[in-house]
There are 2 protein chains.
Amino acid sequence: MGRLAPVRRASTVDLIAERLREAVVDGSLPPGTVLGEAELAYQLGVSRGPLREAMQRLTAEGLLVIPRRRGLAVRTMTAEDVRDIHWLRARIEPELGRRILTLPPAERRAVLAELGAEVKRMQRALRKDDARALGDAYLDFHRVLAVWGGSLRLARMLGTLLIETRLCTFSMFEHFEVHRDLVPEHVAFVEALAAEDGERFGMLVQAHLEAEVRRLLAEPEDPKHDDSDRLHAETPDEPQPLDRLDLPEGL
Amino acid sequence: MGRLAPVRRASTVDLIAERLREAVVDGSLPPGTVLGEAELAYQLGVSRGPLREAMQRLTAEGLLVIPRRRGLAVRTMTAEDVRDIHWLRARIEPELGRRILTLPPAERRAVLAELGAEVKRMQRALRKDDARALGDAYLDFHRVLAVWGGSLRLARMLGTLLIETRLCTFSMFEHFEVHRDLVPEHVAFVEALAAEDGERFGMLVQAHLEAEVRRLLAEPEDPKHDDSDRLHAETPDEPQPLDRLDLPEGL
DNA sequence: TATTGTAAGTTTGTCGACAATCTGATGATC
DNA sequence: GATCATCAGATTGTCGACAAACTTACAATA
């Protein structure tokens, strides 16, 4: 008899949390956004109870802060957060290549195919000058890495770190922005994996993450710094010119 | 004018979450414990609303699972979780030594003092054959490492991983248990730091974590395996012979 | 005897409401 | 004119209640 996977229906709280995460990722809820519970609950079509539960979950994930008696606010990342998040990613992601290379050949090929597809998405986005699509493909590329190179727990944890990375971008620049070099860097990642060179993969990822920190904190790599390599996009979805609020962390 | 740190009152949800974390750490709520919301809310002296919010937070932290319509259950760690958690710790903790060594001398001395104090606590506990106290000092030792070697975020994340480590112990053995070697291992950590040898510190921590995995999964290091090195303690606080339940993860 | 159908009981998931608290502004006093 | 006190408005934090859903036990049938 074939094993049936257990049914897993998402609870309302799951749904709300997922919706809020999406909103954070796609920029509908830029960092610093302050929202009232009643209003937000009405928009989502739920009552305040489940919404508050979802808020607590996202708070634990570090995406939201809950200032007392002020509803909820999307977390604004600081320079320290940027360094922090990338430091953590740099401890984990370079190792994932090694782990992927220990997978059975069939799965390994599958991973390479998926990663290749994401890189193609990135290239297409670059040709169209679509910063948003490029950033989304970037997220998915690293998610694939996490899913195959790690466990469920690791995938979840890295998933959160990746969303936080996006929050860093939104926090550091007013608009969404990615760097053109992203694409060749990721091409190199895939090439290293295809060549079964885990060592090289690790070093490339490490270098990429360090470069990302520099780009986010606007520390030029070399004196003749040029902004023309940056691809940016206004956040088109729900412009919401909401108030900003920098709080000393609500937790 | 002197900078005042902002006042931070803990919300009810914070309090409940902290109380539940404590209960998980001290074994009052062993893995697999299933609790009804109403009963638990009554015990804590709060209504179900805030309790449910705290549950969501602990779920995001990975300590609880919320099976649908069955209240809440303390997560039971699997062998994969054990490997996972220690793999993550092994990516992070060895680096903390290096970072502590870059601290200004005054702070560095303070850290060493704190770590030394924790080791002393461990030694006292060992002399009394008090496994529980030994385990608590172990947790605090590594918390000190996280606080000084990392950022707030890192401290919180590692804090969660440490509680999960405790859950691993509870999940793998029926009773609380630690290994005698823990103490000399930690003495060596402090010595390496005192000698400003970050490299050696890293390797020792790495080795410790690998050993922990072996101990937890009962993979003997050498053929003539001997259990006499293990120190165990029944969980005295609230014996609660509660039902056990192994669920396919509620999230 | 094993299995399925039924029903009662229990518990959760969700909602609405109340009260405490905070914010912001207005007015009074020095 | 500036500072402090007071007050109204709005919003959260908490609670109680209802209904839906699930579990478990029991009985009936093949």
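Everything discussed here concerns the structure shown above.
What you are looking at is a predicted structure, and each value in this text was computed from that prediction instead of being measured. (Residues numbered from 1 in each chain as written. Chains lettered and ligands numbered in written order. Predicted model: local features only at pLDDT ≥ 70, side-chain atom pairs only at ≥ 80, totals over all residues. Heavy atoms only, no water.)

## Looking at the relation of the copies chain B and chain A
- Superposition record for chain B on chain A: RMSD 0.1 Å, screw rotation 180°, translation along axis 0.0 Å. Both copies are brought into coincidence by an operation consistent with a two-fold rotation axis.
- The residues that chain B uses at the interface reappear at the interface of chain A in 100% of cases, marking a shared surface. (Least-squares fit on C-alpha atoms with pLDDT ≥ 70 in both. Contact = heavy atoms within 4.5 Å.)

## Observations regarding the side chain of Ser171 of chain B
- Within the element layout of this structure, Ser171 of chain B appears in helix α7 (residues 152–172).
- In this structure, Ser171 of chain B is in contact with Pro31, Arg75, Thr76 and Met77 of chain B, ignoring residues within four places of it in sequence. (Helix = DSSP H or I, 4+ residues; strand = E, 2+ residues; numbered from the N terminus.)

## Focus on the nonpolar core
- By size, the foremost hydrophobic cluster in this structure holds 115 residues, and its most contacted members are Leu115 of chain A together with Leu115 of chain B.
- Setting aside residues no more than four positions away along its own chain, Leu115 of chain B makes contact with Phe141, Val144, Leu145, Val190 and Leu193 of chain B. (Core = buried A, V, L, I, M, F, W, Y, C linked by side-chain atoms within 4.5 Å. Buried < 20%, exposed > 50% of the residue type's maximum accessible area, 1.4 Å probe, protein only.)

## Structural notes on a positive patch on the surface
Residues and elements named next belong to chain A.
- Taken together, Lys120, Arg124, Arg127 and Lys128 make up a surface patch of like positive charges.
- Looking at the element boundaries, Arg127 is found in helix α5 (residues 105–127).
- Since its relative accessible area comes to 66%, Arg127 is described here as exposed. (Patch = residues over 30% accessible without salt bridge, like charges linked within 9 Å, V, L, I, M, F, W, Y side chains within 5 Å. Areas by Shrake-Rupley, 256 points an atom, 1.4 Å probe, with all protein chains shown as cover. Salt bridge = Lys/Arg side-chain N within 4 Å of Asp/Glu carboxyl O. Lys, Arg positive; Asp, Glu negative; His and termini not counted. Charge placed at Lys NZ, Arg CZ, Asp CG, Glu CD.)

## Some points on the protein's contact with DNA strand C
- Near DNA strand C, the surroundings consist of 15 residues, among which Thr12 and Ser47 of chain A together with Glu37, Arg48 and Arg52 of chain B are the closest.
- Close to the protein, within 4 Å, the atoms of DNA strand C belong to sugar or phosphate groups at a rate of 67%.
- The separation between a base oxygen of DNA strand C and a polar side-chain atom of Arg69 of chain B is 3.1 Å.
- When contributions to the surface near DNA strand C are tallied by element, the ones reaching two or more residues are α2 (37–44) and α3 (48–61) of chain B.
- Taken together, the residues that form the surface near DNA strand C break down as two nonpolar, four polar and nine charged. (Near = heavy atom within 4 Å. Polar contact = N/O pair within 3.5 Å; in protein donor to acceptor, adjacent residues only side chain to side chain. Nonpolar A, V, L, I, M, F, W, Y, C, P; charged D, E, K, R; others polar.)

## Digging into the protein's contact with DNA strand D
- Neighbouring residues of DNA strand D: 14 residues in total, closest Glu37, Arg48 and Arg52 of chain A together with Thr12 and Ser47 of chain B.
- For DNA strand D, the fraction of atoms within 4 Å of the protein that belong to sugar or phosphate moieties is 70%.
- Contact between DNA strand D and Glu37 of chain A: a phosphate oxygen at 3.1 Å from a main-chain N or O atom of the residue.
- At 2.7 Å, a side-chain N or O of Arg52 of chain A approaches a phosphate oxygen of DNA strand D.

## Things to note about the interface of chain B and chain A
- Taken together, the contact between chain B and chain A spans 36 residues of the former and 36 residues of the latter.
- Buried surface at the junction of chain B and chain A, both sides included, amounts to about 3,500 Å², of which 53% is carbon and sulfur.
- Inspection of the chain B/chain A interface yields eight salt bridges.
- Of the charged contacts in the structure, one is a salt bridge between Asp81 of chain B and Arg153 of chain A, with a shortest N-O distance of 2.8 Å.
- At the boundary of chain B and chain A, one finds twelve residue pairs in polar contact (both at pLDDT 80 or more).
- With eleven residues, helix α4 (residues 79–101) of chain B is the single largest residue contributor to the side of chain B that touches chain A.
- For the side of chain B that touches chain A, the residue count by class is 14 nonpolar, four polar and 18 charged. (Buried area = accessible area lost by both parts, 1.4 Å probe.)

## Regarding the packing of helix α6 (residues 131–149) of chain A against helix α7 (residues 152–172) of chain A
All names here are of chain A.
- Following both chains from N to C, one finds α6 and α7 inclined at 160°, their axes separated by 9 Å at the closest point. In this view, α6 runs roughly antiparallel relative to α7, as classed from their interaxial angle. The crossing of α6 and α7 is right-handed. Facing α6, whose interface residues are Arg132, Gly135, Asp136, Leu139, His142, Arg143, Ala146 and Val147, α7 presents Ala155, Leu158, Leu162, Ile163, Arg166 and Phe170.
- Taken together, the residues that form the contact of α6 with α7 break down as eight nonpolar, two polar and four charged. (Axes fitted to C-alpha atoms, helices over the stretch in contact; angles between N-to-C directions. Parallel < 35°, antiparallel > 145°, perpendicular 65-115°, else oblique. Left-handed = near helix turned anticlockwise from the far one by under 90°.)

Function cannot be inferred from these measures alone, as they are strictly geometric.
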